Amino acid sequence: MSASSAQAAAAAGVERSDARTRILDAAEHLFTERGYAATSIRMITGRAGVPVALAHYHFGSKQGLMEAVYQRALGQPGNARVNYLDRLEAESAGAALSIEVLVEAFITSALRLTRSDGIPGAVFKQLIGRAFYEPGPGTEAFFPAEYAEVIDRYRQAFMRALPALPEADVVWRMYFFVGIVAYAMAGKDVMRMTEICDLKEAGDAEAVLRRLTPFIVAGFKAPPAG
């Protein structure tokens with residue numbers, strides 16, 4: 001390859017990379033503003049100023065683009081959270097981690113998302129809110145598949161911490177826990193309780209999740225259902 005051909009190829013690579021970022025930026029804005037179902041690929045590429053074909057080249061489909069937006073918003077890959085849990089378990093020298101430690105670890109990871117350098121915390125909360133409260137085709141899979149590994153690892157850790165509790169009870173309590181954390185992070189009080197009761201910290205995800213911690217710990221430690 002000649003020097004001029006190499007330079008042209010490098011320039012094309014930079015241009016494709018820049019186009020990918022513009023598409024992600026446009027999708028992030030429109031998914032936040034309009035929701036997934038009401039946003040089309042053509043609207044996204046029009047805002048990004050690129051051909052529709054480039055969106056398909058980089059992301060394959062609208063769902064693939066949505067997943068890429070959330071992956072960028074979530075920042076570090078899910079296995080980094082698994083590694084964090086592995087480290088905590090290694091430090092415990094084989095003993096089961098306490099409920100307090102597990103709940104704190106999960107909530108700390110959630111808080112880290114709201115402080116992500118890749119996307120403003122307020123925008124991330126709006127994306128989460130759109131996905132949870134305005135579902136549409138494809139939004140049921142907005143989290144990358146690697147996060148299933150995170151949930152399963154926490155399930156195993158909670159089961160070790162609660163050996164007398166049936167697995168179904170452990171999983172239900174995790175279901176409630178993860179759902180409440182997502183609700184709190186989204187910042188969408190559909191019941192308007194924070195407004196009616198004038199709760200001053202309602203808009204502060206960190207303050208809300210810190211208040212949530214003792215409630216969740218008590219829930220995990222409650223007697224078995226039924």
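Where an unreviewed UniProt entry is consulted, the chain appears under the name TetR/AcrR family transcriptional regulator, with the organism given as Pseudothauera lacus.

### Overview of the overall build of the chain
When helices and strands are tallied, the chain shows 11 helices and 0 strands. The N-to-C order of helical and strand elements in the chain reads α-α-α-α-α-α-α-α-α-α-α. Taking all 226 residues of the chain together, the buried fraction comes to 40%. When contacts within the chain are restricted to residue pairs at least 6 apart in sequence, those whose partners lie at least 24 apart make up 74%.

### So, the pattern of salt bridges
Applying the stated criterion to the full structure yields 8 salt bridges. With a closest N to O distance of 3.1 Å, Arg-153 and Glu-89 form a salt bridge. One end of the pair, Arg-153, is in helix H8 (residues 147-161); the other, Glu-89, is in helix H5 (residues 78-91), and 64 residues separate them in sequence. Taken as a pair, Arg-153 and Glu-89 share a single burial class, namely buried.

### Quick look at the packing of aromatic side chains
Tallying each qualifying case throughout the model produces 9 aromatic pairs. An angle of 40° between the planes, with centres 6.4 Å apart, marks the rings of Tyr-154 and Phe-158 as tilted. Of this pair, Tyr-154 and Phe-158 are both found in helix H8, 4 residues apart, which corresponds to roughly one turn of the helix. Each member of the pair, Tyr-154 together with Phe-158, is buried. A ring pair is formed by Trp-172 and Tyr-175, whose centres lie 5.4 Å apart and whose planes are at 90°; its orientation type is edge-to-face. Taken together, the residues Trp-172 and Tyr-175, both in helix H9 (residues 167-186) and 3 residues apart, mark about one turn of the helix.

### Observations regarding a nonpolar patch on the surface
Together, Trp-172, Tyr-175, Phe-176, Ile-180 and Phe-215 line one region of the surface with nonpolar side chains, adding up to about 600 Å² of accessible area. By the secondary structure assignment, Ile-180 is in helix H9. In this structure Ile-180 comes out as partly exposed when scored by relative accessible area, which is 30%.

### A look at the UniProt feature "DNA-binding region" (unreviewed entry) in the chain
As annotated by UniProt and renumbered to match this structure, "DNA-binding region" (unreviewed entry) occupies residues 40-59. Annotation note: span residues 40-59, helix share 80%, strand share 0%, distance between end C-alpha atoms 14 Å.

### Here we look at unusual backbone geometry
At Ala-93, a position not held by glycine, the phi torsion is positive, near 55°. Given a relative accessible area of 72%, Ala-93 falls into the exposed group.

### Remarks on helix H2 (residues 41-48)
Listed in full, the buried residues belonging to H2 are Ile-41, Ile-44, Thr-45 and Ala-48. Across the axial projection of H2, the buried residues extend over an arc of 90°, all falling on one side. Exposed residues on H2 whose side chains face more than 90 degrees from its buried face are Arg-42 and Gly-46. Following H2 by one or two positions, Gly-49 adopts a phi angle in the positive range, close to 75°.

### Focus: the packing of H2 against helix H3 (residues 52-59)
A pair of packed helices is characterised by two quantities: the angle between their axes and the separation of those axes. Across the interface, H2 lies against H3 with an axial gap of 8 Å and an inter-helix angle of 105°. Taken together, the axes of H2 and H3 lie roughly perpendicular to each other. Residue-level inspection shows Ile-41, Arg-42 and Thr-45 of H2 in contact with H3, the latter providing Val-52, Ala-55 and His-56.

### Describing the confidence of the model for the chain
Per-residue confidence for the chain gives a mean pLDDT of 78, with 70% of residues at or over 70. When pLDDT is averaged over each element of the chain, H2 comes out on top at 95 and helix H7 (residues 121-133) at the bottom at 60. This stretch, residues 3-14, has a pLDDT under 50; its non-local contacts, to residues over four places away or in other chains, come to 1 contact.

So, how was this worked out
Residues numbered from 1 in each chain as written. Predicted model: local features only at pLDDT ≥ 70, side-chain atom pairs only at ≥ 80, totals over all residues. Heavy atoms only, no water. Helix = DSSP H or I, 4+ residues; strand = E, 2+ residues; numbered from the N terminus. Buried < 20%, exposed > 50% of the residue type's maximum accessible area, 1.4 Å probe, protein only. Contact = heavy atoms within 4.5 Å. Salt bridge = Lys/Arg side-chain N within 4 Å of Asp/Glu carboxyl O. Phe/Tyr/Trp six-rings, centres within 6.5 Å; stacked < 30°, edge-to-face > 60°. Patch = residues over 30% accessible without salt bridge, like charges linked within 9 Å, V, L, I, M, F, W, Y side chains within 5 Å. Areas by Shrake-Rupley, 256 points an atom, 1.4 Å probe, with all protein chains shown as cover. UniProt positions renumbered as here; feature names shortened; annotations may be inferred. Arc of directions from axis to C-beta. Axes fitted to C-alpha atoms, helices over the stretch in contact; angles between N-to-C directions. Parallel < 35°, antiparallel > 145°, perpendicular 65-115°, else oblique. pLDDT = per-residue confidence, 0-100.

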